[in-house]
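# What the coordinates show
Listed below are the residues making up each chain.
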Amino acid sequence: MTLNNTTQITTIERHILDQQHHYPDASGALTNLLYDLALCGKIIASKVIQAGLMDVLGKTGGENVQGEEVQKLDEFADETIYKLNDHTGRLAVMGSEERPDIIPIPPKYKTGKYVLLYDPLDGSSNIDVNVSVGSIFAIYRRKTPEGSPGTLADCLQPGKELIAAGYIIYGSSTMLVYSTGNGVHGFTLNRMLGEFLLSHPDIKMPAKPKFYSVNQAYEPFWSPGVLRYVRYLQTGEGEPEKLGLSLRYIGSLVADFHRNLLGGGLFCYPADRKDPKKTGGKLRLLYEAAPLAYLAEQAGGYATDGRQRILDIEPTSLHQRVPLFIGDKNLCLKAEQYIKKFDGPGA
Ligand code: AHM
Ligand code: MG
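Values in this document were obtained by computation on a predicted structure and should not be read as measured data.

### Thoughts on the packing of helix α2 (residues 29-48) against helix α4 (residues 73-85)
- Across the interface, α2 lies against α4 with an axial gap of 10 Å and an inter-helix angle of 155 degrees. It follows from the interaxial angle that α2 and α4 lie roughly antiparallel. The crossing of α2 and α4 is right-handed. Seen from α2, the contacting residues are Leu33, Asp36, Leu37, Leu39, Cys40, Ile43, Ile44, Lys47 and Val48; seen from α4, they are Leu73, Phe76, Ala77, Thr80, Ile81, Leu84 and Asn85.

### Quick look at the sheet that holds strand β11 (residues 265-269)
- With respect to topology, five strands assemble into an open sheet ordered β10-β9-β11-β15-β13, the strand pairing being mixed. In the strand order of this sheet, the two ends are held by β10 (246-247) and β13 (302-304), each with one partner.
- As defined by bridge partners, strand β9 (residues 211-213) adjoins β11 across three bridges and the pair is classed as parallel. Along β11, the bridge assignment pairs tyrosine 212 with leucine 266.

### Description of the pattern of salt bridges
- According to the stated counting rule, one finds ten salt bridges in the structure shown.
- When the shortest N-O distance is used, the salt bridge between aspartate 202 and lysine 204 registers 3.6 Å.
- Judged by relative accessible area, lysine 204 falls into the partly exposed class, the value being 48%.
- Across the pair arginine 259 and aspartate 256 runs a salt bridge whose closest N-O atoms are separated by 3.0 Å. Residue arginine 259 and its partner aspartate 256 are both found in helix α8 (residues 253-263); the two are separated by three residues, about one turn of the helix.
- When its relative accessible area of 17% is taken as the criterion, arginine 259 is described as buried.
- A single salt-bridge network, built from bridges that share partners, covers Lys160, Glu297, Arg309 and Asp312.

About the thresholds
Residues numbered from 1 in each chain as written. Chains lettered and ligands numbered in written order. Predicted model: local features only at pLDDT ≥ 70, side-chain atom pairs only at ≥ 80, totals over all residues. Heavy atoms only, no water. Axes fitted to C-alpha atoms, helices over the stretch in contact; angles between N-to-C directions. Helix = DSSP H or I, 4+ residues; strand = E, 2+ residues; numbered from the N terminus. Parallel < 35°, antiparallel > 145°, perpendicular 65-115°, else oblique. Left-handed = near helix turned anticlockwise from the far one by under 90°. Contact = heavy atoms within 4.5 Å. Pairing = 2+ DSSP bridges. Salt bridge = Lys/Arg side-chain N within 4 Å of Asp/Glu carboxyl O. Buried < 20%, exposed > 50% of the residue type's maximum accessible area, 1.4 Å probe, protein only.

As structure tokens, then:
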């Protein structure tokens, strides 16, 4: 790494601390929580980049050459985030996409004022084929009084109450992208230094979208409104050159979202009738849709379930699923129009 007079290096630690100045009453707990999550990202990244060597070092779920059991990467990511955050006194309670119930703070540790919800390794089925995966996190202020154990009610908050959210993408490089309500900022992990360095300050979604991302194979199972809407994305209502979108679908939410955030576009995972579990969508409101919706809005985009803003949805259960249209604001609003027009006003 060569430094000259114009080089400006901002580490994530420095950036998070600088952001704290927006909140004069801040105690530093949120700053430290974000800092801990950056460390989780480094630890998980160091495992994910070895995934291709699993056959050599030992297959996940099996034994390695030393005869030790090799943990699955999604379980490893889940444990890492839990273990780094259970004893810090910053959290009241946690929730993970990998676990059925809320995760209490062990009674031997103090509880704090924040709630952490996370998807430890989204898209983990893509790891075997060397496709990017990601961790997603959402932070809320607790609702129950401080000093007591956190409860389910602390976790079931609408996305509009988020105070911070972000993701770590494990791709050709590892990046952490986060917001505390003052724009979206992206950091790239410099492996030599072991530091996340500011590489994408104040990310805004491009004004002209380039991509739409959807699993087209589910088309036979879509509602008339979704079908007509995706036709619109393809044909621009008879004028494809006006919209000029290309299809890109990785099947790894963080990677699909990240590409559209930087390149411009929209990701959809509509409800479909193929699988009874997906009639209300596949993606989870609390662990996937809400935190990414918060980032999308902070970057000038939008997210909807096709009828209402994702950030306004009041969750009723921890693993609630929602249809998701996220990214370019105009394209998301168009989805709402099509669904209302061709599927009726809804419940
Ligand atoms: P997961 O939480 O089990 O990893 O599943 C979520 C993933 C997302 O990353 C992705 O957007 C979606 O599932 C892809 O689903 P499909 O294969 O049905 O297109
Ligand atoms: Mg997931």
